[in-house]
There are 2 protein chains.
Amino acid sequence: MMKNKIPTLKEIAEKLGISISTVSRALNDHQDISEVTKERVKALAADLNYIPNIFAKGFRTHKTNIIGVVVPNITHYFTTTLIRGILEEASLQGYRVIISESNNDVDKQTEMLNTMIQFGVDGVLMSLSKMTRDISSILKIMNTLPLILFDKASNKIPCTQVVINEEEATYNAIEHLINIGKRRIAIIKESEFSYNSEKRFEGYLRALKENNLPIDEKIILSVDDISMIQGKRMTNVLMSLKQKPDAIFAITDSAAIGVIKTLKKLHVKIPEEVAVVGFSNSINSTIIEPMLTTIDQPGQKIGATAVKYLIEEINHPNEIFINKTIEIRSNLIIRNSTFKV
Amino acid sequence: MMKNKIPTLKEIAEKLGISISTVSRALNDHQDISEVTKERVKALAADLNYIPNIFAKGFRTHKTNIIGVVVPNITHYFTTTLIRGILEEASLQGYRVIISESNNDVDKQTEMLNTMIQFGVDGVLMSLSKMTRDISSILKIMNTLPLILFDKASNKIPCTQVVINEEEATYNAIEHLINIGKRRIAIIKESEFSYNSEKRFEGYLRALKENNLPIDEKIILSVDDISMIQGKRMTNVLMSLKQKPDAIFAITDSAAIGVIKTLKKLHVKIPEEVAVVGFSNSINSTIIEPMLTTIDQPGQKIGATAVKYLIEEINHPNEIFINKTIEIRSNLIIRNSTFKV
DNA sequence: AATTACCACGCAAACGTTTGCGGTAACGTT
DNA sequence: AACGTTACCGCAAACGTTTGCGTGGTAATT
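- Going by an unreviewed UniProt entry, chain A carries the name Transcriptional regulator, LacI family and comes from Winogradskyella thalassocola.

Here you go:
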């Protein structure tokens, strides 16, 4: 089977006896072209199965219709929902998406960013890697390309950010624990370089303060690499205290699952003796028994919103954008780890 | 801060007082250029932070260094490990990756494929959507572009395929069940249009036959959209049979988890009364209690291998490739759902 | 009838790179 | 001294598209 040659503007022009520029304008619905000509051109184009050469186009216009996405870890379920939202919205708006993973490695993150701009993406969507302290390389990119942060953001970077209401969500979760009678609520969080962790911690503190509960450093635990294992380890620490907590809020579902597993091993009754709350509403949270009370983050919506704002900036390259922070609402999902029916 | 103009070959040429072509050749290590000139050019290029305009290049050479990936569902953990492998290997070889999701929608799948080729990818990596019956559109693409199938493949499409040893893996899993004394082993699978399901079913049948066990259609259950819910439903069906199974093999971890959940609700002892085996070694399989015996699929390796073969074909466009099927070995992970310590 | 206005279209340049071909100088060979 | 060879390098075309500008023609206005 022979490869039929790909049609070009030139071919269409010749077959119709008109010029290349007319064909181009006709296809782009330029006002200078009469309706009849447009019809004829479009008909033939469709007939020949014409597709514009994206490289000639990008070459000429410096527009690629590709957006770059950098995420720390693609295997997290929540991340995939973000990506799904990005993919859908981008596709809707005629954009393609290039994804890369920084593996929570700051150097790799800047490297990824650089190859992306080298590659000619129109804009970048980024979720920051942990421990991103050196912002200079990111700032440098910002005056080359539109950049929007999502999910894992940073106050220090002056750009539009799309996140969830981390602080408020946590506040609500802690308040829920207080409402069911818990008074000594522990938290398992990450170090201070994690955006999400800090925001959630703020919500935790505010909830305690506003309810006149004491803040006890002994039950505020920070770990570097939060995970199920760390959840287990920290639970052992907490439950060997003299004053044990009566609730544990883990900043992550997987850590919370580690908490539950260890509590069960220690024969601690959930939620009567210790209640547990996670964050993310991952699939796992419904598999563990008791099922985990957690905060549902609408990943798809976050991703889609981020794309919308990015394309907005791409289309208005010279405007100065006020660096909005868009907060997407999340929902507390109450399950058996805090509330027994 | 002003955007410093992006350097081009022309600039380098002018500053060095040589021609554009010489600069181009020097950077591409062409043999016609003297070492000294190469040194000078490369030094200045590095100094100016020169990056070739990918569009001019792609425009000229018809090579994009992008590979397209189409997967049915990006939110499955196993899929993300595949993608991680693809991303890593591609990056290593200087390729960028465009991902799109077919959502198990056949029409969307062909649409995705078309926009990919329209977009000028150098090759495509695809994991087939369920129920892909109309192969014609895929075949049409195959003589335009290199295509490699991975994970969800099809014997009917004549191209290189990278899969795991589905049949053998299942055979081993069933044999393990037989070894622990099980004799009436049920299977929960998908309909006959799922590649993975069929392969696994073949392994199931072979294991039973070679061990002289009867094949009973009553405990061979097929569903369209396999999931945890379906696992639950099918378990209820199986456990209300007169002759109940003493083991259930579910073609998917999530279905297997549904099985376990329902068995626990029915107060059936696992694994003494009924053992359970899944497939994939997803994270969930270690969260459910008892932990699930399952088959670990090395997703990253599959992804990386697929990329290697694809780039091989991209670099030798005119060779006829024998349509190899590469089988990556998987491992049976024995846990408490079949074997109690 | 002369001017103006507008519509519809064509010409040609430009984007940055690669590459076939031709050319010059230097050197070695006969 | 004439010729062939080699090593380096430049010229210019080509890839397909967009777009500023120019132009012929027709209709509307004066």
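As for the overall build of chain A
Here comes step 1: On a plain count of helices and strands, chain A comes out with 13 helices and twelve strands.
Here comes step 2: Taken against the 2.2 N^0.38 rule, which gives 20 Å for 341 residues, the C-alpha radius of gyration of chain A at 26 Å runs more than 25% over that of a compact globule.
Here comes step 3: Viewed in the frame of its principal axes, chain A has a C-alpha envelope of about 90 × 40 × 35 Å.
Here comes step 4: When the 341 residues of chain A are sorted by exposure, 54% land in the buried category.
Here comes step 5: Contacts in chain A between residues far apart in sequence, at least 24 positions, make up 71% of those at least 6 positions apart.
Here comes step 6: Looking at chain A as shown, the accessible area adds up to about 15900 Å², and 51% of this sits on carbon and sulfur atoms.

Points about the sheet that holds strand β7 (residues 220–223) of chain A
All names here are of chain A.
Here comes step 1: Ordered by their spatial adjacency, four strands build an open sheet running β7-β6-β8-β9, and the pairing between neighbours is parallel. Every other strand in the sheet has two partners, leaving β7 and β9 (275–277) as the edge strands with one partner each. Within the sheet, the average angular offset between the axes of one strand and its neighbour, ignoring direction, is 15°.
Here comes step 2: When strand β8 (residues 247–250) meets β9, the two strands line up parallel, connected through three bridges. Its bridge partner lying in β9, I248 is registered against V276.
Here comes step 3: Sheet strands touched by helix α10 (residues 228–239): β6 (185–190), β7 and β8. Its angle to β7, the strand with the most contacts, is close to 150°.

So, the interface of chain A and chain B
Here comes step 1: Contact residues are listed per partner, giving 45 residues for chain A and 45 residues for chain B.
Here comes step 2: Per-residue buried area on chain A facing chain B is highest for F55, F119 and I287 of chain A; these three make up 17% of the total on that side.
Here comes step 3: Inspection of the region where chain A meets chain B yields six salt bridges.
Here comes step 4: A salt bridge links K261 of chain B to E289 of chain A; the nearest nitrogen and oxygen atoms lie 4.0 Å apart.

Regarding the packing of aromatic side chains
Residues and elements named next belong to chain A.
Here comes step 1: Taken as a whole, this structure holds five aromatic pairs over all chains when the rule is applied.
Here comes step 2: For the pair F201 and Y204, a centre-to-centre distance of 5.9 Å together with 20° between the ring planes defines the contact as stacked. Note that F201 and Y204 are positioned in helix α9 (residues 195–210) at a spacing of three residues, about one turn of the helix.
Here comes step 3: Judged by relative accessible area, which is 1%, Y204 ranks as buried.
Here comes step 4: Sitting above the plane of the Y171 ring, R206 keeps its charged end 3.9 Å from the centroid.

Side note on the protein's contact with DNA strand D
Here comes step 1: Residues in contact with DNA strand D amount to 26 residues; listed here are only the nearest, R25, Y50 and R60 of chain A together with T22 and R25 of chain B.
Here comes step 2: Near the protein, within 4 Å, the atoms of DNA strand D are sugar or phosphate in 51% of cases.
Here comes step 3: For DNA strand D, a base nitrogen lies 2.9 Å from a polar atom in the side chain of S21 of chain B.
Here comes step 4: With respect to DNA strand D, the backbone of S34 of chain B contributes an N or O atom lying 2.9 Å from a phosphate oxygen.
Here comes step 5: Elements with a contribution of two residues or more to the surface near DNA strand D: α2 (20–27) and α4 (54–61) of chain A together with α2 (20–27) and α4 (54–61) of chain B.

Each value, and the rule that gives it
- Residues numbered from 1 in each chain as written.
- Chains lettered and ligands numbered in written order.
- Predicted model: local features only at pLDDT ≥ 70, side-chain atom pairs only at ≥ 80, totals over all residues.
- Heavy atoms only, no water.
- Helix = DSSP H or I, 4+ residues; strand = E, 2+ residues; numbered from the N terminus.
- Rg over C-alpha atoms; globule rule 2.2 N^0.38 Å.
- Buried < 20%, exposed > 50% of the residue type's maximum accessible area, 1.4 Å probe, protein only.
- Contact = heavy atoms within 4.5 Å.
- Areas by Shrake-Rupley, 256 points an atom, 1.4 Å probe, with all protein chains shown as cover.
- Pairing = 2+ DSSP bridges.
- Axes fitted to C-alpha atoms, helices over the stretch in contact; angles between N-to-C directions.
- Buried area = accessible area lost by both parts, 1.4 Å probe.
- Salt bridge = Lys/Arg side-chain N within 4 Å of Asp/Glu carboxyl O.
- Phe/Tyr/Trp six-rings, centres within 6.5 Å; stacked < 30°, edge-to-face > 60°.
- Lys NZ or Arg CZ within 6 Å of the ring centre and 35° of its normal.
- Near = heavy atom within 4 Å.
- Polar contact = N/O pair within 3.5 Å; in protein donor to acceptor, adjacent residues only side chain to side chain.

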